[in-house]
Number of protein chains: 2
Amino acid sequence: MNNRLEKYAELIVKSGCNLQKDQILFISSPIGIVEFTRMVAKVAYEAGAKKVVTNFYDDQLSRYAYDYCDISVFENCEEWIALRQNSYAERNAAFLTLLSNDPDIMKGIDQKKVIASSVASHKACKTFYDALDFGKCVWCIAGVASEPWATKVFPELEPKEASEKLMNAILDVCRITNDPIAEWQKHKENFAQRKKWLNSQKFKELHYTASNGTNLIIGLCDMGLWEGGGQKAADGRYFFPNIPTEEIFTTPHRLKTQGIVYSALPLVHNGSRVEDFWIRFEDGRAIDFDAKSGKDVLEGIIKTDENSAYLGECALVPYSSPIRQSGFLFLETLYDENASCHLALGKGFPDCYENGYELNNEKLIEAGVNDSATHVDFMIGTQDLNIDGIKEDGSTLAIFKDGNWAF
Amino acid sequence: MNNRLEKYAELIVKSGCNLQKDQILFISSPIGIVEFTRMVAKVAYEAGAKKVVTNFYDDQLSRYAYDYCDISVFENCEEWIALRQNSYAERNAAFLTLLSNDPDIMKGIDQKKVIASSVASHKACKTFYDALDFGKCVWCIAGVASEPWATKVFPELEPKEASEKLMNAILDVCRITNDPIAEWQKHKENFAQRKKWLNSQKFKELHYTASNGTNLIIGLCDMGLWEGGGQKAADGRYFFPNIPTEEIFTTPHRLKTQGIVYSALPLVHNGSRVEDFWIRFEDGRAIDFDAKSGKDVLEGIIKTDENSAYLGECALVPYSSPIRQSGFLFLETLYDENASCHLALGKGFPDCYENGYELNNEKLIEAGVNDSATHVDFMIGTQDLNIDGIKEDGSTLAIFKDGNWAF
């Protein structure tokens, strides 16, 4: 196990972040996985990092804050936090986020506080968020098993056993073989072929249908691009923002979605869960929705700010993806989004628009690329999902048939 | 055990920090003791804290930084760190430091980096340090057992057992009985009586002698004060900066110490150890020194900055103190300094000078109160230590005889 963990740490630093000599690595890490965080730091130093800065946090303490603090505490982002994020972004740090959250720890918290915090942070840390969004800084998100998380995924197991099983599942779906760096190079090349085909077709719209009632037309941007695998930073450096990743995605036109879509998997958001939900769109806007449970959480997401009711992402993931095939619901979007075709409410991706890195937010919004303080994925890929691409001339080509790639 | 830990957390928040409603509590905590840190946070929120901010750190990661980073990294304090410390100080936060260090983890690190870091931090975070030194903000330091620490204190025990034994020893010496808050009130009153006597005598000098060769005259400040137990913040609020505390101390005149002093216990500093050492003073300045081991560490302390070769503290602790009587060397100054009479090189205490809070650093230096980026205690209290107080007219009174209070 330790050997695989070391290879995983190396993949994260060298492929995920593509860390360069003399670069600063900024790690956000839950306290419970410190041994892995140390492993990553050591790999980074050995790769020549100038320094490794670690921002440790504890979900239980965050939970206390949500329970006890007045909403005014969340409405202001501390200036030192903004300075920390913005100044490392200005110095081209690599930003690594390690995830290991107890999926239930935020159950029942006041969503208004979550939204206030997200809006305040987005405003105060604009330099930082823009650096990530516009490719100035590389970033990577990866997960590490912990007992509080693993016992929710495998409630039938003892904590230690559950944690080992989850960590092995993570290493499997992250393709941690003998030479994961080479493995991810191959993975990148596979993505390249599919992206090339999708980009060459210049689809105007996508038409989603499934037996659960989904019947949705998503309008694409004229100069939209399909991305996936990793991405190029503005300096040309290739990095993988998500480990694992199985999706090919684009940023849809924010005003051109019509119809209804049904969820295929639960949505876990800040520790709360939304189950069996649907959303109806009109001219891009989520105008109606319902959920069997967690409707208030969904409502909180949709109403975060003025643009959070619009889509920022549509992503294609075959039902045959190793994550879906593992049969596990990881209760963490990083994994679960790679199990299924999904959409995201909120912020769109400048790198999914031609020369998007060179446009400011106003220009991007005009072009149809959404902007918001939030970006929340939700899974819609059933085993019988069909997606047809519709071209300018009205002709159609199958992209997905029965949940998998049709080409 | 859990019940005693809860009482300990309550003592720290309510007596140590004397936390007020709507105050911010800033906790520095090693990651390994998160369960206790959460306990403290909960007590603080229930006492009405506006918010609890936690700065988690990991010694192993700090060690990597010392090993791998260039000294230039330590010569500059990050602006966001200065802003964090200074802005919470401006908002009258209470600062709690929880200690749980592996005493050996910094063994062999480059002392130049330690000094550079300390000097840079002291300069950048001046508002914060002044707020602590001049009683604007309350602060408290307390310890919590962890396996890496406990196994160094009790190397013959299994980690878990060692940690439990150390935690129990900590709770014992911190007087965690059924009602520790009342216990500390009594403790405070005992201190008050001794301080009253010492302050009424107006000693000009202290004369230390012991069979190990110690023969030292320490000159006191004309308007110096003996303090101990807790202290009053500028707003009149009483707090206990150290839990435990057994010492009565003053800030000696920085230029009036003459003679030689021998150590009684090892000095553990940033994870390094100095053993069997002596220091010779002339006109207050440490002009010569030697140690059986760790001489470079001692040299690093003495040469931190221009004033670190002068004394900032002399403290009286009877050989009968519960910490000395426990027979344990805790390998942590917070405890070990309360086992023994000690001196400190470096910064003096404005609150040990009449109206010291109202003077600036320049005035204090003039008055004999030392200023430095460092403050390092070292233990000199042997079982046969005698201390005589010498008055202006040359008459003497015994303060300590054979290691214990003579009055």
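Notes on the structure in this doc start here. Values in this document were obtained by computation on a predicted structure and should not be read as measured data.

## A word on the overall build of chain A
- Scanning chain A for helices and strands turns up 14 helices and 21 strands.
- Its C-alpha atoms give chain A a radius of gyration of 20 Å, within 12% of the compact-globule value 22 Å for 407 residues.
- Dimensions along the principal axes, computed over C-alpha positions, put chain A at roughly 55 × 50 × 45 Å.
- Considering only contacts within chain A whose residues lie at least 6 apart along the sequence, 76% involve residues at least 24 apart.
- When the accessible surface of chain A is summed, it comes to about 16200 Å², and 46% of that surface belongs to carbon and sulfur atoms.
- Mean positive and mean negative side-chain charge positions of chain A (43 and 59 charges, respectively) differ by 4 Å.

## A closer look at the relation of the copies chain A and chain B
- Superposition record for chain A on chain B: RMSD 0.0 Å, screw rotation 180°, translation along axis 0.0 Å. Taken together, the rotation and translation describe the operation of a two-fold axis. Distance from the rotation axis, computed per C-alpha, reaches its smallest value in chain A at W80 of chain A: 2.5 Å.
- An overlap of 100% is found between the interface residues of chain A and their copies at the interface of chain B, pointing to a shared contact surface.

## Some points on a negative patch on the surface
All names here are of chain A.
- On the surface, E156, E158, E161 and E164 cluster together into a patch of negative charge.
- Secondary-structure assignment places E161 in helix α9 (residues 159-173).
- Given the relative accessible area of 47%, E161 is considered partly exposed.

## Section: the pattern of salt bridges
All names here are of chain A.
- Tallied over the entire structure, the rule returns 42 salt bridges over all chains.
- Among the salt bridges present, the one from D22 reaches K21, with a minimum N-O distance of 3.9 Å.
- Residue classification places K21 among the exposed residues on the basis of a relative accessible area of 63%.
- As a salt-bridge pair, D133 and K347 come within 3.5 Å of each other at their nearest N and O atoms. Remark: K347 occurs in the loop between β17 (342-346) and α14 (361-367) and D133 occurs in helix α7 (residues 126-133); sequence separation between them is 214 residues. Summarising the burial analysis for this pair, D133 and K347 share the class buried.
- Beyond isolated ion pairs, a larger network of salt bridges with shared partners links D102, D104, K107 and K152.

## Concerning the packing of helix α5 (residues 79-90) of chain A against helix α5 (residues 79-90) of chain B
- One way to put it is that α5 of chain A packs onto α5 of chain B with a least axis distance of 8 Å and a crossing angle of 175°. With respect to α5 of chain B, the element α5 of chain A is oriented roughly antiparallel. Of the residues in α5 of chain B, those in contact with E79, W80, L83, R84, S87 and Y88 of chain A of α5 of chain A are E79, W80, L83, R84, S87 and Y88 of chain B.

## Brief notes about helix α1 (residues 2-16) of chain A
All names here are of chain A.
- If you check α1, its first and last C-alpha atoms are 19 Å apart, about what 15 residues at 1.5 Å a residue would give, namely 21 Å.
- Regarding α1, the residues found buried are L5, Y8, A9, L11, I12, V13, S15 and G16.
- Looking at the residues trailing α1, positive phi occurs at N18, about 45°.

## Observations regarding the interface of chain A and chain B
- The interface is formed by 29 residues belonging to chain A together with 29 residues belonging to chain B.
- If you sort the residues of chain A by the area they bury against chain B, Y45, Y68 and W80 of chain A come out on top, with a joint share of 23%.
- On the surface where chain A and chain B come into contact, there are six salt bridges.
- Linking chain A to chain B there are 12 residue pairs in polar contact (both at pLDDT 80 or more).
- Considering only residue class, the side of chain A that touches chain B consists of 15 nonpolar, four polar and 10 charged.

## Some remarks on the pairing of strand β14 (residues 272-282) of chain B
All names here are of chain B.
- Of the strand pairs in this sheet, strand β12 (residues 252-262) and β14 are connected by four bridges, and their pairing is antiparallel. Counterpart to Y262 in the pairing with β14 is W278.
- Where strand β13 (residues 267-269) and β14 come together, three bridges link them in antiparallel fashion. Directly across from H269, in β14, lies its bridge partner S272.
- Connecting the antiparallel pair β13 and β14 is a turn made up of two residues, with N270 showing a positive phi of about 45°.
- In this sheet, strand β15 (residues 285-293) lies alongside β14 in antiparallel orientation, the contact comprising seven bridges.

## A short note on the sheet that holds strand β4 (residues 139-143) of chain B
Residue and element names in this part refer to chain B.
- The parallel open sheet is built from five strands, whose spatial order is β2-β1-β3-β4-β10. Whereas interior strands pair on both sides, the edge strands pair on one side only; in this sheet they are β2 (51-57) and β10 (242-243).
- Both β4 and β10 contribute to a ladder of two bridges, which runs parallel. For A142, the partnering residue across the bridge sits in β10 and is I243.

## Remarks on the environment of E78 of chain B
- If you trace the backbone, E78 of chain B turns up in the loop between α4 (71-75) and α5.
- E78 of chain B sits in the buried class, given a relative accessible area of 11%.
- Along the backbone, E78 of chain B and A120 of chain B are 42 residues apart, and their C-alpha atoms lie at a distance of 9.2 Å.
- Apart from residues no more than four positions distant in its own chain, E78 of chain B is found in contact with K51, Y88 and R91 of chain A.
- A polar contact of 3.2 Å, which involves the side chain of E78 of chain B, links it to the side chain of Y88 of chain A.

## Remarks on the side chain of D133 of chain A
- Residue classification places D133 of chain A among the buried positions, given a relative accessible area of 19%.
- Each residue touching D133 of chain A, except ones within four places of it in the same chain, is listed here: K347, P350 and Y357 of chain A.

## Focus: helix α11 (residues 295-302) of chain A
- Inspection of α11 of chain A places V297, L298, G300, I301 and I302 of chain A among the buried residues, and these make up the whole buried set.
- The inward-facing, buried residues of α11 of chain A contact α6 (111-124), β13 (267-269), β14 (272-282), β15 (285-293), β17 and β18 (375-379) of chain A.

## Some points on the packing of aromatic side chains
- Applying the stated criterion across every chain yields a total of 43 aromatic pairs over all chains.
- Ring centres of W149 of chain A and Y335 of chain A lie 6.0 Å apart, and the angle between their planes is 40°; this geometry places the pair in the tilted category. Note that W149 of chain A is positioned in helix α8 (residues 147-153) and Y335 of chain A in helix α13 (residues 333-336), a separation of 186 residues in sequence. Per residue, the accessibility class of W149 of chain A equals that of Y335 of chain A, and both read buried.
- With a centroid separation of 5.4 Å and 80° between ring planes, the pair formed by Y238 of chain A and F240 of chain A is classed as edge-to-face. The exposure classification of Y238 of chain A matches that of F240 of chain A, with both residues buried.
- One aromatic cluster in this structure is built from F26, W80, Y88, F95, F128 and Y129 of chain A together with F26, W80, Y88, F95, F128 and Y129 of chain B.
- Sitting over the face of the ring of Y238 of chain A, K188 of chain A holds its NZ or CZ atom 3.9 Å from the ring centroid.
- Lying across the ring of Y310 of chain A, R254 of chain A places its NZ or CZ 4.6 Å from the centre.

What counts and how
- For every chain, the first residue of the written sequence is number 1, and numbering continues from 1 onward in sequence order.
- Chains and ligands are labelled by the order in which they are written, letters from A for the one and numbers from 1 for the other.
- Local features in this predicted model are restricted to residues whose pLDDT is 70 or higher, and side-chain atom pairs enter the listing and the counts only when it is 80 or higher, whereas totals over whole chains, interfaces and linings include all residues.
- Water and hydrogen atoms were dropped before computing side-chain values, which therefore reflect all heavy atoms in the structure.
- Under the scheme used here, helices are H or I runs from DSSP no shorter than 4 residues and strands are E runs no shorter than 2 residues, and both carry numbers assigned from the N terminus.
- Radius of gyration means the value over C-alpha atoms here, while the globule rule gives 2.2 Å times the residue count to the 0.38 power.
- Here a residue-residue contact requires only that any non-hydrogen atoms of the pair lie within 4.5 Å.
- Exposure was quantified through the Shrake-Rupley algorithm and a 1.4 Å probe, taking into account, for residues, occlusion by the shown protein chains and nothing else.
- In this charge count, Lys and Arg are treated as positive and Asp and Glu as negative; neither His nor the chain ends contribute.
- By convention, charge coordinates are those of NZ in Lys, CZ in Arg, CG in Asp, or CD in Glu.
- Least squares is the method for superposing the copies, and the C-alpha atoms it fits come from residues with pLDDT of at least 70 in both.
- Any residue with relative accessible area above 30% and no salt bridge may belong to a patch, with like charges joined within 9 Å and the nonpolar Val, Leu, Ile, Met, Phe, Trp and Tyr side chains within 5 Å.
- For this analysis, a salt bridge means a side-chain nitrogen from Lys or Arg found within 4 Å of a carboxyl oxygen belonging to Asp or Glu.
- Whether a residue is buried, partly exposed or exposed follows from its accessible area with a 1.4 Å probe, protein chains only, as a fraction of its type maximum: under 20%, in between, or over 50%, in that order.
- As a rule, the C-alpha atoms of each element are fitted with a line to give its axis, helices using only the stretch in contact, and angles between N-to-C directions run from 0 to 180 degrees.
- For classification purposes, an angle smaller than 35 degrees is called roughly parallel, one larger than 145 roughly antiparallel, one from 65 to 115 roughly perpendicular, and anything else oblique.
- Multiplying 1.5 Å by the helix residue count minus one yields the expected span of that helix.
- We define buried area as the total accessible area lost by two parts upon association, computed with a 1.4 Å probe and summed across both.
- Any pair of N or O atoms that falls within 3.5 Å is considered a polar contact. Within protein, one atom must be able to donate a hydrogen and the other to accept it, and sequence-neighbouring residues count only if both atoms are side-chain atoms.
- Each residue gets one of three labels, nonpolar for Ala, Val, Leu, Ile, Met, Phe, Trp, Tyr, Cys and Pro, charged for Asp, Glu, Lys and Arg, and polar for the others, Gly among them.
- A pair of strands counts as paired when DSSP detects no fewer than two bridges linking them.
- Only Phe, Tyr and Trp rings are paired, with Trp represented by its six-membered ring, and only when their centres lie within 6.5 Å; those with planes under 30 degrees apart are stacked, over 60 edge-to-face, the remainder tilted.
- The criterion for a charge sitting over a ring is simple: Lys NZ or Arg CZ within 6 Å of the ring centre, and within 35 degrees of the ring normal.

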